[in-house]
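# Coordinate analysis (summary)
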Amino acid sequence: MHSTVPTLRRAASALAFALALAGLAACGPKEIGEGSSMESRGPGAGAPSAELMRYPMTGASPRERMLYFNNRPDVMQQVQDWRIRSYQRMMGVQPSPEDPAYRAVPKQRSPFRQ
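Everything in this summary refers to the structure shown in the same document. Owing to the predicted nature of the structure, the values given are computational and were not obtained by experimental measurement.

Conventions we followed
- Residues numbered from 1 in each chain as written.
- Predicted model: local features only at pLDDT ≥ 70, side-chain atom pairs only at ≥ 80, totals over all residues.
- Heavy atoms only, no water.
- Helix = DSSP H or I, 4+ residues; strand = E, 2+ residues; numbered from the N terminus.
- Buried < 20%, exposed > 50% of the residue type's maximum accessible area, 1.4 Å probe, protein only.
- 1 Å grid on protein atoms, 1.4 Å probe; cavity = no way out; pocket = protein on both sides within 12 Å on 5 of 7 lines; lining within 4 Å.
- Points joined across faces, edges and corners; volume = space filled by probe spheres on them.
- Nonpolar A, V, L, I, M, F, W, Y, C, P; charged D, E, K, R; others polar.
- Salt bridge = Lys/Arg side-chain N within 4 Å of Asp/Glu carboxyl O.
- Patch = residues over 30% accessible without salt bridge, like charges linked within 9 Å, V, L, I, M, F, W, Y side chains within 5 Å.
- Areas by Shrake-Rupley, 256 points an atom, 1.4 Å probe, with all protein chains shown as cover.
- Expected span 1.5 Å × (residues − 1).
- Contact = heavy atoms within 4.5 Å.

What follows is about the overall build of the protein chain. Of the regular secondary structure elements, the protein chain holds five helices and zero strands. For the protein chain, the α and β elements follow one another from N to C terminus as α-α-α-α-α. Counting over 114 residues, the protein chain shows a buried share of 1%.

In structure tokens form, the structure reads like this:
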């Protein structure tokens, strides 16, 4: 029994050494383009990364999706404009004649005017 322990240790260390050599051999130099081309992908590897980058990553949870859709600069600007307009309406502020939105709506003429 006492003589089998060093033998098991030697076998375990030899096995670990063989696994380390096999791991190092797998990390060796490769040909240019090897492992990165579409042909090297196995079946069922999923969509290519270029195709995945085409669509936005909206997030996994509903909160992440809401933050993604609301934190875009155009959406943030629209929300700020809407809040400013609603506050001005609430305070009774009339738009100034220099405001482009004021000039965008034509004044209605009187039906009695010739």
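Next up on the list: the layout of surface pockets. Reported here for the largest pocket is a volume of approximately 290 Å³. Secondary-structure elements contributing two or more residues to the lining of the largest pocket are α4 (73-91) and α5 (100-104). Element by element, the count of residues in the lining of the largest pocket is highest for α4, at five residues. The residue inventory of the lining of the largest pocket, partitioned by class, reads five nonpolar, three polar and four charged.

Let us now look at the pattern of salt bridges. Throughout the structure, instances matching the rule amount to one salt bridge. Here Arg72 makes a salt bridge to Asp74, at a shortest N to O gap of 3.6 Å.

Together, Tyr87, Met90, Met91 and Val93 make up an exposed nonpolar region whose accessible area comes to about 460 Å². Along the chain, Met91 falls in helix α4.

So, about α4. For α4, spanning 19 residues, the distance from its first C-alpha to its last is 27 Å, which sits close to the expected 27 Å at 1.5 Å a residue. A positive backbone phi angle near 80° is found at Gly92, which sits one or two residues after α4.

This part is about the environment of Arg103. Structurally, Arg103 is set in helix α5. Residues contacting Arg103, with those up to four places away along its chain left out, are Pro97 and Glu98.

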